[in-house]
Structure formats: structure tokens, C-alpha cells
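Structure assessment
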Amino acid sequence: SQTIHQWPATLVQPVGSPLSLECTVEGTSNPNLYWYRQAAGRGLQLLFYSVGIGQISSEVPQNLSASRPQDRQFILSSKKLLLSDSGFYLCAWSVLGRIGNTIYFGEGSWLTVV
Amino acid sequence: RKEVEQDPGPFNVPEGATVAFNCTYSNSASQSFFWYRQDCRKEPKLLMSVYSSGNEDGRFTAQLNRASQYISLLIRDSKLSDSATYLCVVNPNYGQNFVFGPGTRLSVLP
């Protein structure tokens, strides 16, 4: 069966520090991969998605970037964090099913920028 | 108009009650629909897909109304453990894009 794992689960970072969140998927090949952010009490905001190695689409311009160095690995990065980057970051993958693609999420990473 | 809209709630219902949520979507060409459940400080998890003919999974029933562009979720015999936020999700074209509603918060009270 397929599994998705992301880490770290929780982190507290000072303003201006770098960020790296990592996500891996197992049990599938060539998945669509996503990074979402959920601010406190808000809905899910799509940040990046990828349909293949090295292919990244950005939905929201900001100081974050994403990379996909391997088929089942997706990384979210920042060179300098802002206070507004605080939130719940979710990695996800999708697979084509009976009625089209279905999306599944990792456990999430709680980021607090102080 | 937002792509996917939901009443944010909260819906506060007693145990055993029946509760229904609606979700409207703006893209009439949308092809697939889902309900997800999100517990506090956790990731969203797939509750059920919504088929054109409607579908039922235990106490949960999902319906799709393409003419009026909404989907619904009915929960019968509510349990305390049903307390969560319910997200409506639309996949416009069977592709890789998913549009999430803001969620409806449900609290089932003893």
C-alpha cells in the first residue's frame, strides 16, 4: 500500500532563518505531489505541485520554493522565513482512481516563526 | 464568487441527531467530488468520494446535484467522534488540481 511521510512534525524557527521540509511517498510511481499551507482557522492554500522530477508549478508567489530531486521526494524550502510563514504545512500526493484523481495527505508540519 | 463554498458553522448538534452539510461549486465542468474530514491539528483524511448517483457508507450519505452545482453530506445518528471539520473538495477536470472549500465545523454534544 502507499504511504506518505513528511518531517519534521513541529518546528520553531526565528525570522530570517532558512527552512526545509521534506516529504516522501512509498508504494507508487510518478505521483503528483503537492505542498499546501493552512493558516490558523483558515482553509487550505496550494503552494506548489509537481507532476514529475524537476517539474514544479507555483500557485502563490512568495518566499518559498519547492524541489523534486527524486520521483517520490518533494522538498519545501525558504532562504529567509517571515512571520507570515507560520502555519500548518501539508504534503500530499494524488493518484488516478475510479472517478479521477484522489488526494492523500501526510501528517503535516507545524511551523511557528518567532 | 469563490470556487467552492461551504457554511463554516459551527454546527452544534446533540448525539444521535442527523445533520446535513451543503457545498456549492462554481465550475460547472467539474468532474469529481469528495468529502474530507479534518480533526483539530491533524491532516485532512478522505471520508468519501461523491458519485453521480449518490453513495452511502454506513451513517454517511453523499449526494451530487449537477444542475444546482452542489454536493451534500448527511450524517445520521451523530457520534461524539464525528466532531471535526468537514472539507468539500472538487477536482475540476480529473487532473492534478484540487479545489478545497473552507470547511464546515461540526461539534456533536453529549
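Worth saying up front: this structure is predicted, and the values here are computed from it rather than measured.

Time to look at the pairing of strand β11 (residues 104–109) of chain B. All names here are of chain B. Direction of pairing for strand β2 (residues 11–14) relative to β11: parallel, over a ladder of four bridges. Following the sheet pairing, Asn 12 is matched in β11 by Ser 107. Pairing between strand β9 (residues 84–91) and β11: three bridges, direction antiparallel. Looking at the pairing, Tyr 86 lines up with Thr 104 of β11.

On to the interface of chain A and chain B. Of the residues lining the interface, 23 residues belong to chain A; the matching set on chain B comes to 22 residues. For the pair chain A and chain B, the two sides together bury roughly 1,800 Å², of which 62% comes from carbon and sulfur. Those elements that provide at least two residues to the side of chain A that touches chain B are β4 (32–38), β5 (44–52), β9 (87–97) and β10 (100–105) of chain A. In terms of residues, the side of chain A that touches chain B owes the most to one element, β10(A), which gives six residues. Tallied by class, the residues present in the side of chain A that touches chain B amount to 13 nonpolar, eight polar and two charged.

Before going further, it helps to examine the nonpolar core. Core analysis: the largest hydrophobic core is formed by 24 residues, its most contacted members being B:Phe21, B:Trp35, B:Ile71, B:Leu73, B:Ile75, B:Tyr86 and B:Leu106. Listing elements by their share of this core, those giving two or more residues are β3 (19–25), β4 (32–38), β5 (45–50), β7 (60–65), β8 (70–75), β9 and β11 of chain B. Excluding anything up to four places from it in sequence, B:Phe21 contacts B:Phe11, B:Trp35, B:Ile71, B:Ser72, B:Leu73, B:Ile75, B:Tyr86, B:Thr104 and B:Leu106. The next biggest cluster of nonpolar side chains, apart from the first, holds 20 residues, and it includes A:Ile4, A:Leu21, A:Cys23 and A:Leu76.

All names here are of chain B. Within this structure, the stated rule accounts for two disulfides over all chains. Two residues share a disulfide in this structure: Cys 23 and Cys 88, whose sulfurs sit 1.9 Å from each other. Since a negative S-S torsion denotes a left-handed disulfide, the Cys 23-Cys 88 link at about -70° is left-handed. Taken together, the positions of Cys 23 in strand β3 and Cys 88 in strand β9 put the pair 65 residues apart, joining distant regions of the chain. Cys 88 sits in the buried class, given a relative accessible area of 0%.

This brings us to the pattern of salt bridges. According to the stated counting rule, one finds six salt bridges over all chains in the structure shown. Close ionic contact of B:Lys79 with B:Asp77 constitutes a salt bridge, the shortest N to O distance being 2.9 Å.

In low-pLDDT regions, the fine details of the predicted coordinates are not to be read closely. Model confidence for chain B is summarised by a mean pLDDT of 92, while 96% of its residues fall at 70 or above. Per-residue pLDDT, averaged within each element of chain B, yields its smallest value for strand β10 (residues 99–100) of chain B (91) and its largest for β11(B) (97).

A few words now on the pairing of β3(B). All names here are of chain B. Burial along β3 is one-sided: Val 19, Phe 21, Cys 23 and Tyr 25 are buried, while Ala 20, Asn 22 and Thr 24, pointing the other way, are not. As paired strands, strand β1 (residues 4–6) and β3 are joined by three bridges and run antiparallel to one another. Following the sheet pairing, Val 4 is matched in β3 by Tyr 25. Where β3 lies against β8, six bridges are found, and the strand directions are antiparallel. Note on β8: the bridge partner recorded for Asn 22 is Ser 72.

Residue and element names in this part refer to chain A. Read from one edge to the other, the open sheet built from four strands follows the order β1-β3-β8-β7, with strand pairing classed as antiparallel. Both edges of this open sheet fall to β1 (3–7) and β7 (64–70), since each of them pairs with a single strand only. Each strand axis lies, on average, 15° off the axis of its neighbour in the sheet, ignoring direction. Bridge analysis of strand β3 (residues 19–26) against strand β8 (residues 73–78) gives six bridges, and the strand direction is antiparallel. Among the inter-strand pairings, Cys 23 is bridged to a residue of β8, identified as Phe 74.

Scoring rules and cut-offs
Residues numbered from 1 in each chain as written. Chains lettered and ligands numbered in written order. Predicted model: local features only at pLDDT ≥ 70, side-chain atom pairs only at ≥ 80, totals over all residues. Heavy atoms only, no water. Pairing = 2+ DSSP bridges. Helix = DSSP H or I, 4+ residues; strand = E, 2+ residues; numbered from the N terminus. Contact = heavy atoms within 4.5 Å. Buried area = accessible area lost by both parts, 1.4 Å probe. Nonpolar A, V, L, I, M, F, W, Y, C, P; charged D, E, K, R; others polar. Core = buried A, V, L, I, M, F, W, Y, C linked by side-chain atoms within 4.5 Å. Buried < 20%, exposed > 50% of the residue type's maximum accessible area, 1.4 Å probe, protein only. Disulfide = S-S within 2.5 Å. Salt bridge = Lys/Arg side-chain N within 4 Å of Asp/Glu carboxyl O. pLDDT = per-residue confidence, 0-100. Axes fitted to C-alpha atoms, helices over the stretch in contact; angles between N-to-C directions.

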